[in-house]
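Structure at a glance
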Amino acid sequence: METQAVYRHKPVRSFVHRQSGLTPPRRDALTRWLDQYQLPLDQGQLNWARIFQRSAPLTLEIGFGMGHHFLKQAQAFPEENFVGLEVHRPGIAAVLLEIERKKLHNIRLIVADAVDVFKTSLPDNSIDRIQIFFPDPWPKRRHHKRRLIQPAFCQLLRKKLKLGAHLQLATDWEDYAQQMLGVLEATAGFKNLAGPGHFSPRLAQRHLTKFEQRALNLGHVIRDLQFMGIA
Ligand SMILES: C[S@@+](CC[C@H](N)C(=O)[O-])C[C@H]1O[C@@H](n2cnc3c(N)ncnc32)[C@H](O)[C@@H]1O
């Protein structure tokens, strides 16, 4: 009998798992607090009002890295809700340590691939602001397919944002910045707040991260983009 090979395609991910920096205190933080702050993804769509026990503007930051921007923002606006989405465990642990140290009550975390989460777990028209700062640039042409900002994902971003809500991005890779501009301007339901074909001025509330500082030290130009959800 002829046997048939079964080919399973691995999904193209926009990240690689890196464990370096998972120090003993960070490991300990994951063991002690991750369950308390991590949102479950196996119980249907998330319900923000139930999760935060209040109704308040919701910001979702995708790929917060070590959390420098994410934590400062959440601390500055205690009356708003913040959800951070990451896969990098040392960064997640660093954020948990700060949540506990500063007693922040307005933060929850999602530990999973953003693409999967947007496909399955987030209610439509429910988010007031989505932030994606310095997503992995995947500079080699053969890796461009791994970039997070792709047409299908941008449609999902739009679907989850409320009407009038904002999508904010930044990158220090010029060709990725151009790709973001092109893809988002071609996505129905988004309006470029800087005007067609233009990048935005630096977002007032975007805090400097180590990642951005490294890019500046290398002489890279930082591009900000801001889009609004429209009908
Ligand atoms: C280059 S770092 C930038 C971190 C941070 N935003 C900053 O400005 O310092 C990109 C981050 O995005 C995360 N990331 C990439 N793809 C992701 C995905 N599909 N879902 C969740 N996180 C992702 C990576 O783990 C990494 O921490």
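First, a word on scope: everything that follows refers to the structure included in this document. (Residues numbered from 1 in each chain as written. Predicted model: local features only at pLDDT ≥ 70, side-chain atom pairs only at ≥ 80, totals over all residues. Heavy atoms only, no water.)

**Focus: the overall build of the protein**
A count of helices and strands for the protein gives eight helices and seven strands. Computed over its C-alpha atoms, the radius of gyration of the protein comes to 18 Å, within 12% of the 17 Å expected for a compact globule of 231 residues. Within the protein, the proportion of its 231 residues that are buried is 48%. Put simply, of all contacts in the protein between residues at least 6 apart along the chain, 78% involve residues at least 24 apart. A total accessible area of about 12500 Å² is found for the protein, and carbon and sulfur atoms account for 53% of it. Taken as two groups, the 33 positive and 21 negative side-chain charges of the protein have centres that lie 2 Å from each other. (Helix = DSSP H or I, 4+ residues; strand = E, 2+ residues; numbered from the N terminus. Rg over C-alpha atoms; globule rule 2.2 N^0.38 Å. Buried < 20%, exposed > 50% of the residue type's maximum accessible area, 1.4 Å probe, protein only. Contact = heavy atoms within 4.5 Å. Areas by Shrake-Rupley, 256 points an atom, 1.4 Å probe, with all protein chains shown as cover. Lys, Arg positive; Asp, Glu negative; His and termini not counted. Charge placed at Lys NZ, Arg CZ, Asp CG, Glu CD.)

**Overview of the packing of aromatic side chains**
What characterises a pair of aromatic rings is the spacing of the ring centres plus the angle enclosed by the ring planes. Applying the stated criterion across every chain yields a total of four aromatic pairs. On the numbers, 5.9 Å between centres and 50 degrees between planes, the contact of Phe134 with Phe211 is tilted. Taken together, the residues Phe134 in the loop between strand 4 (127–133) and helix 6 (151–160) and Phe211 in helix 8 (residues 210–217) connect sequence positions 77 residues apart. A relative accessible area of 9% means that Phe134 is categorised as buried. Measuring from ring centre to ring centre gives 6.1 Å for Phe190 and Phe227, while their planes differ by 75 degrees; the resulting arrangement is edge-to-face. One end of the pair, Phe190, is in strand 6 (residues 190–192); the other, Phe227, is in strand 7 (residues 223–229), with 37 residues separating them in the sequence. (Phe/Tyr/Trp six-rings, centres within 6.5 Å; stacked < 30°, edge-to-face > 60°.)

**So, the environment of Lys145**
As for its placement among the helices and strands, Lys145 is situated in the loop between strand 4 and helix 6. Using a relative accessible area of 57% as the deciding quantity, one classes Lys145 as exposed. When the C-alpha atoms of Lys145 and Arg13 are compared, they prove to be 8.8 Å apart, with 132 residues separating the residues in sequence. Beyond its immediate chain neighbours, meaning those up to four positions away, Lys145 contacts Val12 and Gln150.

**Overview of the layout of surface pockets**
Considering only enclosed or pocket space, the largest pocket measures out at about 970 Å³ in volume. Lining of the largest pocket is provided by 38 residues; of these, Gly65, Glu86, Phe134, Asp136 and Phe211 occupy positions nearest its centre. Those elements that place two or more of their residues in the lining of the largest pocket are strand 1 (58–62), helix 3 (68–76), strand 2 (81–86), strand 4 and helix 8. For the lining of the largest pocket, the element with the highest residue contribution is helix 8, accounting for three residues. For the second largest pocket, the lining is made up of 16 residues, of which Val12, Val115, Lys145, Gln150 and Phe153 are closest to its centre. (1 Å grid on protein atoms, 1.4 Å probe; cavity = no way out; pocket = protein on both sides within 12 Å on 5 of 7 lines; lining within 4 Å. Points joined across faces, edges and corners; volume = space filled by probe spheres on them.)

**Section: the site of the ligand**
The full set close to the ligand counts 18 residues, and Ser14, Gly63, Glu86, Asp113 and Phe133 are the nearest of them. Here an oxygen atom of the ligand sits 2.5 Å away from a polar atom, N or O, in the side chain of Glu86. Taking Asp113, its side chain carries an N or O atom lying 2.8 Å from a nitrogen atom of the ligand. Here the ligand occupies the largest pocket. Taken together, the residues of the shell around the ligand break down into 10 nonpolar, five polar and three charged. (Near = heavy atom within 4 Å. Polar contact = N/O pair within 3.5 Å; in protein donor to acceptor, adjacent residues only side chain to side chain. Sits in = over half its atoms within 2 Å of the grid points. Nonpolar A, V, L, I, M, F, W, Y, C, P; charged D, E, K, R; others polar.)

**Description of the nonpolar core**
One finds Trp48, Ile62, Phe118, Ile132, Leu157 and Leu167 to be the most contacted residues of the largest nonpolar core, which totals 39 residues. Residues Phe70, Ala74, Ala93 and Leu109 belong to the second largest nonpolar core, which totals 19 residues. (Core = buried A, V, L, I, M, F, W, Y, C linked by side-chain atoms within 4.5 Å.)

**Brief notes about unusual backbone geometry**
Note: most residues except glycine have negative phi, and most peptide bonds are trans. Despite not being glycine, Lys103 has its phi angle at roughly 55 degrees, a positive value. Here Lys103 is to be found in the loop between helix 4 (89–102) and strand 3 (107–111). Here Lys103 falls in the exposed class, since its relative accessible area comes to 53%. Even without being a glycine, Asn125 presents a positive backbone phi close to 45 degrees.

All we've got here are geometric facts, nothing functional implied.
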